[in-house]
Amino acid sequence: MIEKRTAIRLSDGRELIYFDESPSHDRDKWPDTRELPPPPPTSQLRYDPLVDEWVAVAAHRQTRTFLPPSDKCPLCPSTPEFASEIPAPDYDVVTFENQFPSFSDRVKADEITSLTDLVPVRPGVGRCEVVCFTSDHNSYFGALTPERVRTVMDVWADRTAEMSAMPGVAQVFPFENRGIEIGVTLSHPHGQIYAYPTVTPKTKAMLAASQAHADRTGGRNLYADVLAAEIASQVRVVAANEHWTAYVPAASRWPFEIHLAPNRHVLDHTGLTDEERDAFGPLYLDMLKRFDSLFDKPMPYIAAWHQAVTGEGRDLGYLHMQLFSIRRAADKLKFLAGSESAMGAFINDVVPEKAAEILRDII
């Protein structure tokens, strides 16, 4: 649990926030000693009229840090030999503005407004933050204590509240990528939070389905009804506690996929009670251990939080985590080939009921 919150500015003006589990730390005495160039301008958003979607173009991300040696890790605490993104010599949990953001509020004055009559262009106004879960470079989320997971939950709530209130932000998306197979470029245990300037395609589809269900059922929440049905059948439930249920979706797209959802309808992280925040960690850590036990080696995964948007359709949301891996066998990965990449039509190699059975049987 957070006992102290300290915000500072890095040498290029980006914000960094220490979230400490003890009130005794004095973070202000550790300034950023680096000489950094100004942060890049924000990305362009280009509209694709063929599918009614916005695409971000962020060319500055081509130069982002890629798998540095451990003694040059930008997410480790700073040392006398190397000044990292975190000036202090140690920390609990920390967030900071990404040095290579997909979205930010730094808009160029000469921003173009269209490419053709059908392709408008606008600045990618938003925010991208990095979340470091621990100062231990060799750790991973599954090795955290339930108490540290609770701190991370509080951080997600803090950032969701603040970023949702920023001008132009349509939805806030906390997530973690683990494993070079997924595309991770920094091995230090960390996640990210995107504050999008538009509602993402996946969320738009979910909102449309939720609205249609509400219209058919006199206002019932779609995700709440799906969760209730899974709890009633128990066929795909992997584990549960008083406040959360972990289950394999009946129409999983990924070989191994789990949803972790609060049993009570909650819109976003800010709405979780203390008891719900405490109860998440033990269940989630259990799921991560089961993932790693599937093939007796670290499982690459994406842990993605779906939560309510900030504007129209907010009441249709239902907070839940989607945890999934591209590994389908010990020596095989699921690649997004022609059907998935070109057509968006997923073909799963593992029957969801079998996946749930395998995950349940892991001790």
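Each remark here, short or long, concerns the structure printed above.
Residues numbered from 1 in each chain as written. Predicted model: local features only at pLDDT ≥ 70, side-chain atom pairs only at ≥ 80, totals over all residues. Heavy atoms only, no water.

Brief notes about the environment of proline 300
Put simply, the rule reads: Each helix is a run of H or I in the DSSP string that is no shorter than four residues. Each strand is a run of E no shorter than two, and both are numbered from the N terminus. The classification of residues rests on relative accessible area computed with a 1.4 Å probe and restricted to protein chains. Under 20% of the type maximum is buried, over 50% is exposed, and intermediate values are partly exposed.
Within the secondary structure, proline 300 sits in the loop between helix H4 (274-294) and strand E14 (301-306). Using a relative accessible area of 1% as the deciding quantity, one classes proline 300 as buried. In sequence terms proline 300 and isoleucine 182 are 118 residues apart; their C-alpha atoms lie 6.2 Å from each other.

Considerations on unusual backbone geometry
Non-glycine residue aspartate 52 carries a positive phi angle of around 60°. Position of aspartate 52 relative to the elements: it lies in the loop between strand E3 (44-48) and strand E4 (53-57). Non-glycine residue glutamine 234 carries a positive phi angle of around 65°. In this fold, glutamine 234 is placed in the loop between helix H3 (222-233) and strand E11 (237-240). You can call glutamine 234 partly exposed: its relative accessible area is 43%.

Structural notes on the sheet that holds strand E10 (residues 190-196)
Test applied: Pairing between strands requires that DSSP locate at least two bridges from one strand to the other. Each axis is a line fitted through C-alpha atoms, and for a helix only the stretch in contact is used; angles between axes span 0 to 180 degrees, taken between their N-to-C directions. Residue contacts are defined here by distance: any two heavy atoms, one from each residue, within 4.5 Å place the two residues in contact.
Within the open sheet, the eleven strands sit side by side as E1-E2-E5-E8-E10-E9-E14-E15-E13-E12-E11. Their pairing is antiparallel. Every other strand in the sheet has two partners, leaving strand E1 (4-9) and E11 as the edge strands with one partner each. Ignoring strand direction, the axes of neighbouring strands in this sheet form an average angle of 20°. Examined bridge by bridge, strand E8 (residues 127-132) and E10 share six bridges and lie antiparallel to one another. If you follow glutamate 129 over to E10, its bridge partner there is isoleucine 193. Contacts between H3 and the sheet are confined to E11, strand E12 (244-247), strand E13 (256-262) and strand E15 (320-325), with E12 contributing the most and set at about 75° to the helix.

Remarks on the nonpolar core
Rules: Definition of nonpolar core: a set of buried residues of the types Ala, Val, Leu, Ile, Met, Phe, Trp, Tyr and Cys, connected through side-chain atoms within 4.5 Å.
Counting residues in hydrophobic clusters, the biggest one holds 49 residues, and the most contacted among them are Phe141, Leu260, Tyr284 and Leu323. In terms of residues, this core owes the most to one element, H4, which gives nine residues. Not counting residues up to four positions away in its chain, the partners in contact with leucine 323 are Phe256, Glu257, Ile258, Leu260, Tyr284, Met287, Leu288, Phe291, Tyr301, Ile302 and Ala303. In this structure, Leu10, Leu16, Ile86 and Tyr91 belong to the second largest nonpolar core, which totals 15 residues.

Quick look at the sheet that holds strand E7 (residues 119-123)
Here four strands make up an open sheet; going across it, the order is E4-E3-E7-E6 and the pairing antiparallel. With partners counted over all chains shown, the strands left at the sheet margins are E4 and strand E6 (114-116), one partner each. Strand-to-strand, the axes of this sheet are offset by a mean angle of 25°, without reference to chain direction. The sheet contact formed by E3 and E7 spans three bridges and is antiparallel.

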